[in-house]
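# Structural overview for review
Listed below, chain by chain, are the residues.
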Amino acid sequence: MAHLPSRSWLPLMLALALSPGVASAGTSDHAAEVDPRIGTGGDGHTFPGATVPFGMIQLSPDTAMPNFKQAYKWAAGYQYGDTSLLGFSHTHFSGSGHSDLGDVLVMPIAGDVRLEPGDPARPGSGYRSRFSHQSEQVEAGYYAVTLSDYGVRAELTAGRRIGWHRYTFPAGKPAHVLLDLRPSIYDYDGKVLWSSLRVREDGTVTGCRTTRGWAPGRELCFAMRFSQPLQSRTLYNREAEVTYKGFKGPGHQAEDHDAQAGRALVGVFDFGELKQPLRVKVAISPVSEANAVANLDAEGQGWDFDARRAEARSAWSHALSVIDVDAPKEQRISFYTSLYHALLSPTLSMDVNGQFRGPDGAVHQATDANGSFEFHSTWSLWDVYRAQQPLMALLMPQRSTDFVRSLIASREASPFGILPVWAYQGLETWCMIGYHAVPVIADAYVKGVRGFDADAALKAMVASATYAPYGGLGDYMKLGYVPIDKEPEGASKTLEYAYDDWSLSQMAKAMGRADVAATFRQRAGNWRNAFDPKTGFMRARKTDGAFREPFDPDAAGYGTDYTEGNAWQYSWYVPQDVAALVKALGGDAAFVTKLDSVFDAKVDPARFAHVEDITGLIGWYAHGNEPSHHLAYLYDYAGAPWQTQKRLKQIMDTQYAARPDGLAGNDDLGQMSAWYIFTALGFYPVTPASDEYAIGRPFVSRATLHLPNGKSFTVTASPLDGSHPYVGSVTLNGKPLDRVFLRHGEILAGGELHFTMQAEPNQAWGQQPGSRPSSMSEGGF
């Protein structure tokens, strides 16, 4: 290729990334342009409640926590179409396709107390309450609602480790707070393995709960305080048919105890008639009750709810100020809500004393060779390595440093000696495929992020890529592919392992480890072992080398060759060597024709009714699921960037909207939102762990990135309207840009990228091979 290989940019990127100074961010309060309701309807699986950037607390209303077999739509505990609330719990995932959490559920009650949640179809049958969306106030860092059945106004805000509640009760009715340790998101009978509840002498309520959920054996502890003294309290264990009860402890009634332990605990705390709002503060800890109390003492001083709300708003205003955009109001709401969702995970999972729980279940200290750091978890790595983590490396490299150190610490505490796959609160779930912590680390390093032990990181990456018992890796290392007769989803695993291997080779190369780089660069070519030239699709082979028969490229679901996709969606996954894939499919024209057939196919969505995560269909293209996310940008690699521009408009127009059902699929811990941010800016990281972004077209007329090195990078477009959907020409700092990719170092250097838009496509721009993004086989990486 005619353009510079990535390594020549490493010294410049490192210098720019580590330059001192703080960017002069915009003055607008972009937190006011966030609507956390977006994604709470349909299959977005976001939550509307209060949190701060990357915070440990996600204090949010829950409308239902049904049995896990029927719980998909309630993966975040809340569905916009529901009409009653179960209560407010302190932990939630944002946009996950599987789920857990919903810890420490609290419900304020005025009047009579019922101990069971009740049936939503029968108001008054339990402690849940009806509500109206008209009474909701939903902002970044703040949520409020009126509980219609009680006349209670409930307000929520959050700090990093503490959830703050303010409840205004009606006059003339006794005020109560119910704490239920039984319900859980993705629930089932027996999920709670054990729980404890205690009222201490100073009135602090503490406890822990251990569940067998997505991460089996997860324990979460809490400490709760009230602004008003308790008049009375009752602790219940609602277990029935307990086989072994042990011996009777102090107290005439079980509920009279100062402490309870069991598998079905409920606490009711009584305050009598209140003439002022009741404030409640709750700290959580993944380690112990003592640590939860310490978190509460350290970060929960005083009772000024409005001050805590202002702090949460300020945290969001500061975080969102990294980008200023000019766009119509509705588009600004979509943009800043996307940025908000992209800044929720991974979450802080460490107490104020630096302790965290690792994948071995033991307690560890967040220190390494570089000193102390903040341990983060909630790693949906199959999703976020694609765009969400590259967005962090660009906008918040100091966060990326902590994220990488957290990944390394997790590997060092792993009983298997490998990096996380899909982890939360430090524990592994083994969900999804690949070893995608590897490209997260490699992308950060290649883009100049430092402050972590690179040697330890590379060691962890190699360990993960060579751990034979994981996901068919033993056979992959022997055969060059994952055999479908031994391991499910063999085609997807072969393709994703090959990309991960390439990203590992990129980091080794940048570190001067030529031996490691050569080994994994060779493995990066294993995608060819999945390619069937006869059908033109990626397929799974059996141990004997033959492709599995019969073959149906339309088939999707567990038991097929693919992970949450089919051959139409997965056959494009060679981000490290798209040029070679273009050649394998017959050259530019044939490649474009086949890619067109993906978008233009007539597909009945009912075909994927058995696969929950395949949504947002445009032909076979499924924007609601990550394997499709890079497809529209692949036209750039075949000399047809105008087709990329056309497809991006098609996606942006149909897959995002500023309303509760405005996400086409699960937000997946910010990946869907990060795709929107990059695409709105006009470029996208098709190949994380390279220094390049494929250029699309912008969807805002002006956007300024305030970079942590003190520089600003501005993207402008004119005329930008519905009648000018195509790029006519591009300039970078006033000079014509004849290539369809942008280098990371060029962004960090500051300046302006300007797009001149026009009504008809410019089919000459970016058409030449030397203008295209890099590919491994072309010598660009």
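Everything that follows concerns the structure shown earlier in this document.
Values in this document were obtained by computation on a predicted structure and should not be read as measured data.

## Points about the overall build of the chain
Looking only at helices and strands, the chain features 18 helices and 39 strands. Each principal axis of the C-alpha atoms in the chain carries an extent, and together these give about 85 × 60 × 55 Å. Counting the 781 residues in the chain, one finds 65% classified as buried. Sequence separation of at least 24 residues holds for 71% of the intrachain contacts in the chain that already meet a minimum separation of 6. Total accessible area on the chain stands at roughly 26100 Å², and carbon and sulfur atoms take up 51% of it. Within the chain, the 84 negative side-chain charges are centred at a point lying 1 Å from the centre of the 70 positive side-chain charges.

## What about helix α2 (residues 289–299)?
For α2, the set of buried residues is Glu-289, Asn-291, Ala-292, Val-293, Asn-295 and Leu-296. Structurally, α2 contributes buried residues whose contacts are with β9 (162–168), β11 (192–199), β12 (205–211), β13 (218–226), β17 (278–285) and β20 (355–357).

## Description of the pattern of salt bridges
Taken as a whole, this structure holds 41 salt bridges when the rule is applied. Two residues, Asp-443 and Lys-447, come together in a salt bridge whose shortest N-O distance is 2.8 Å. With respect to class, Asp-443 is no different from Lys-447; both count as buried. Between Arg-539 and Glu-549 there is a salt bridge; the shortest N-O distance is 3.0 Å. Of this pair, Arg-539 sits in the loop between β29 (537–538) and α13 (567–570) while Glu-549 sits in the loop between β29 and α13, placing them 10 residues apart in sequence. The exposed category is assigned to Glu-549, whose relative accessible area is 54%. The structure contains a network of salt bridges with shared partners spanning Asp-100, Asp-103, Lys-191, Arg-209 and Arg-218.

## Observations regarding the pairing of β11
When β11 meets β12, the two strands line up antiparallel, connected through 7 bridges. Paired with Arg-198 across the two strands is Thr-206, which belongs to β12.

## Structural notes on unusual backbone geometry
One can expect most non-glycine residues to show negative phi and most peptide bonds to be in trans. At the junction of Ser-345 and Pro-346, the peptide bond is cis and its omega measures out at 0° in the coordinates. The topology assignment puts Pro-346 in the loop between α4 (329–342) and β19 (347–348). With omega at -15°, the peptide bond leading from Ser-718 into Pro-719 counts as cis. By the secondary structure assignment, Pro-719 is in the loop between β35 (712–718) and β36 (726–732). Positive phi outside glycine occurs at Glu-489, with the angle close to 60°. Relative to the elements of secondary structure, Glu-489 occurs in the loop between α10 (473–479) and α11 (490–510).

## Observations regarding helix α9 (residues 454–465)
Over its 12 residues, α9 runs 16 Å from end to end, which matches the ideal 16 Å to within 8%, given 1.5 Å per residue. Burial runs high along α9: 9 of the 12 residues are buried. The secondary structure elements touched by the buried residues of α9 are α7 (397–413), α8 (437–446), α10, α11 and α12 (514–523). The residue sitting at the N-terminus of α9 and contributing the capping side-chain oxygen is Asp-453; that oxygen lies 3.1 Å from the backbone nitrogen of Asp-455.

## Here's the deal with the packing of α4 against helix α17 (residues 671–681)
Relative orientation and spacing of two packed helices are given, respectively, by the angle between their axes and the distance between those axes. The contact between α4 and α17 brings their axes to 8 Å, and the two run at 130°. Taken together, α4 and α17 sit at an angle that is classed as oblique. Both α4 and α17 take part in a crossing whose hand is left-handed. Contacts between α4 and α17 involve Gln-331, Ser-334, Phe-335, Ser-338, Leu-339, His-341 and Ala-342 from the first element and Ser-673, Ala-674, Tyr-676, Ile-677, Ala-680 and Leu-681 from the second.

## Observations regarding the nonpolar core
Core analysis: the biggest nonpolar cluster contains 171 residues, and Ile-323, Leu-339, Leu-394, Met-507 and Phe-591 have the highest contact counts within it. Among the elements that make up this core, the one with the highest residue count is α11 (10 residues). In contact with Leu-394, other than residues within four places in its own chain, are Phe-678, Phe-683, Tyr-693, Leu-705, Leu-707, Pro-708, His-744, Ile-747 and Leu-748.

## Points about the packing of α9 against α12
Between α9 and α12, the least distance of the axes is 13 Å, while the angle of their chain directions is 35°. Remark: the crossing between α9 and α12 carries left-handed chirality. Listed contacts from α12 to Leu-458, Val-462 and Ala-465 of α9 are Val-516, Phe-520 and Arg-523. Class assignment of the residues belonging to the contact of α9 with α12 gives a composition of 5 nonpolar, no polar and 1 charged.

## A few points about the state of the cysteines
Under the counting rule described, the total for this entry stands at 1 disulfide. There is a disulfide in this structure between Cys-208 and Cys-221, and the S-S distance comes to 2.1 Å. Between Cys-208 and Cys-221 the sulfur-sulfur dihedral comes to about 105°; the bridge is accordingly right-handed. Highlighted residues: Cys-208 in strand β12 and Cys-221 in strand β13, separated in sequence by 13 residues. For the pair formed by Cys-208 and Cys-221, the shared burial category is buried.

## Quick look at the sheet that holds strand β18 (residues 323–326)
By way of backbone hydrogen bonds, the strands of a sheet pair with one another, either parallel or antiparallel. One open sheet accounts for 6 strands, arranged β18-β34-β35-β39-β36-β37; its pairing is mixed. Where the open sheet ends on each side, the last strands, each with one partner, are β18 and β37 (735–736). Of the strand pairs in this sheet, β18 and strand β34 (residues 702–706) are connected by 4 bridges, and their pairing is antiparallel. Bridge assignment links Val-325 to a residue of β34, and that residue is Ala-703.

## Some points on the pairing of β35
Within β35, 5 of the 7 residues are buried, leaving the element largely enclosed by the surrounding structure. Between β34 and the antiparallel strand that follows it, β35, lie 5 residues; Gly-710 among them carries a positive phi value of about 95°. Pairing of β35 with strand β39 (residues 751–758), which is carried by 6 bridges, proceeds in the parallel orientation. Following the sheet pairing, Phe-713 is matched in β39 by Gly-751.

Rules of the game
Residues numbered from 1 in each chain as written. Predicted model: local features only at pLDDT ≥ 70, side-chain atom pairs only at ≥ 80, totals over all residues. Heavy atoms only, no water. Helix = DSSP H or I, 4+ residues; strand = E, 2+ residues; numbered from the N terminus. Buried < 20%, exposed > 50% of the residue type's maximum accessible area, 1.4 Å probe, protein only. Contact = heavy atoms within 4.5 Å. Areas by Shrake-Rupley, 256 points an atom, 1.4 Å probe, with all protein chains shown as cover. Lys, Arg positive; Asp, Glu negative; His and termini not counted. Charge placed at Lys NZ, Arg CZ, Asp CG, Glu CD. Salt bridge = Lys/Arg side-chain N within 4 Å of Asp/Glu carboxyl O. Pairing = 2+ DSSP bridges. Expected span 1.5 Å × (residues − 1). Polar contact = N/O pair within 3.5 Å; in protein donor to acceptor, adjacent residues only side chain to side chain. Axes fitted to C-alpha atoms, helices over the stretch in contact; angles between N-to-C directions. Parallel < 35°, antiparallel > 145°, perpendicular 65-115°, else oblique. Left-handed = near helix turned anticlockwise from the far one by under 90°. Core = buried A, V, L, I, M, F, W, Y, C linked by side-chain atoms within 4.5 Å. Nonpolar A, V, L, I, M, F, W, Y, C, P; charged D, E, K, R; others polar. Disulfide = S-S within 2.5 Å.

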